[in-house]
Amino acid sequence: IAPTKISEREIVGLAKDRYPLVLFDRYFPDLDINHVIIDNETSSSLLVNHLISKGYKKIAMITTNPHLFTMNKRREGYVNTLSDAGIYVDPNLYGEVPYINYKENIKDTLDRIFATVPDVDAFFFATHILAIEAFEYFHDRGIDISKGKIGLASMHSETLFRIVAPNIDIAHFPVKGIGRSTVQVLLGQIKAQESGKEFPAQEVVVPCDLDLVE
């Protein structure tokens with residue numbers, strides 16, 4: 001199950017009924033249930049650190065759904081990496097885009113960032129869907145993102161990224177690794193239950209595949 005924020009009660013019910021169960025991509029930290037996730041904080045940290053290594057210092061983060069544990073970990077990676085590099089974590093460079101009508105809401109978020117920090121020099125997108133909308137915004141506003149004039153990094157990607165933003169750094173979602181790990185954990189729980197053995201809740205963290213542009 002890839003859970004949503006409102007599915008916790010149903011998941012608890014399945015666990016109590018002893019259904020073999022694995023959560024993937026997202027999970028509830030307070031529930032002792034199998035889950036497979038990506039290394040959100042480390043992946044974010046590596047992306048932001050690479051932007052810093054290329055000389056960018058005023059790096060904005062664009063995110064959504066801050067209530068999700070995964071998104072919070074991505075923000076922690078962003079904040080901690082800037083702090084470790086001695087770069088001021090400017091709240092004006094942090095943009096939360098409400099998910100409902102995000103295609104319109106991101107325009108307001110980016111307008112605010114450019115108005116308050118006009119010399120922003122890089123953007124880290126917590127999810128690829130926001131990056132896609134940002135590229136349209138940049139095009140409409142005549143903002144040149146070619147040849148590294150603005151640093152770009154994103155969690156997850158789309159094929160078009162390499163066409164419209166060839167300089168973007170990407171943490172690719174390890175779909176095969178998540179699928180493999182999820183099934184392995186699920187089969188392990190099924191076999192344990194069939195043999196009457198205990199099966200402590202498993203946490204598997206799958207690293208992202210990084211594609212960094214020098």
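Residues numbered from 1 in each chain as written. Predicted model: local features only at pLDDT ≥ 70, side-chain atom pairs only at ≥ 80, totals over all residues. Heavy atoms only, no water.

Considerations on the overall build of the chain
Helices and strands together make up the secondary structure of the chain, namely seven helices and nine strands. A total of 214 residues make up the chain; the buried ones form 44% of that total. A separation threshold of at least 6 residues defines the contact pool for the chain, and within that pool the share at least 24 residues apart is 66%. (Helix = DSSP H or I, 4+ residues; strand = E, 2+ residues; numbered from the N terminus. Buried < 20%, exposed > 50% of the residue type's maximum accessible area, 1.4 Å probe, protein only. Contact = heavy atoms within 4.5 Å.)

A look at the sheet that holds strand β1 (residues 23–24)
Think of a sheet as strands paired side by side through backbone hydrogen bonds, with each pair either parallel or antiparallel. Here three strands make up an open sheet; going across it, the order is β1-β2-β8 and the pairing parallel. The sheet is open, and its two borders are formed by β1 and β8 (203–206), each paired with just one other strand. Each of β1, β2 (35–38) and β8 touches helix α7 (residues 175–194); the most contacted strand, β8, lies at about 165 degrees to it. (Pairing = 2+ DSSP bridges. Axes fitted to C-alpha atoms, helices over the stretch in contact; angles between N-to-C directions.)

Some details on the pairing of β2
Remember that side chains alternate between the two faces of the sheet whenever the strand is regular. Residues His-35 and Ile-37 point to one face of β2 and Val-36 and Ile-38 to the other, with burial holding for every one of them. The pairing of β1 with β2 spans two bridges and is parallel. Across the sheet, Phe-24 pairs through a bridge with Val-36, a residue of β2.

Structural notes on the packing of helix α2 (residues 40–53) against helix α3 (residues 69–84)
Between α2 and α3, the least distance of the axes is 7 Å, while the angle of their chain directions is 35 degrees. Two packed elements cross with a definite hand, and for α2 against α3 that hand is right-handed. Facing Asn-40, Glu-41, Ser-44, Ser-45, Val-48, Asn-49 and Ile-52 of α2, the residues of α3 in contact are Thr-70, Lys-73, Arg-74, Glu-76, Gly-77, Tyr-78, Asn-80, Thr-81 and Leu-82. Here the contact of α2 with α3 is built from residues that sort into four nonpolar, eight polar and four charged. (Left-handed = near helix turned anticlockwise from the far one by under 90°. Nonpolar A, V, L, I, M, F, W, Y, C, P; charged D, E, K, R; others polar.)

What about the side chain of His-128?
Of note, His-128 is situated in helix α5 (residues 128–141). With relative accessibility at 17%, the residue His-128 sits in the buried group. Beyond its immediate sequence surroundings of up to four residues, His-128 is in contact with Ser-154, Met-155, His-156, Ser-157, Glu-158 and Phe-161.

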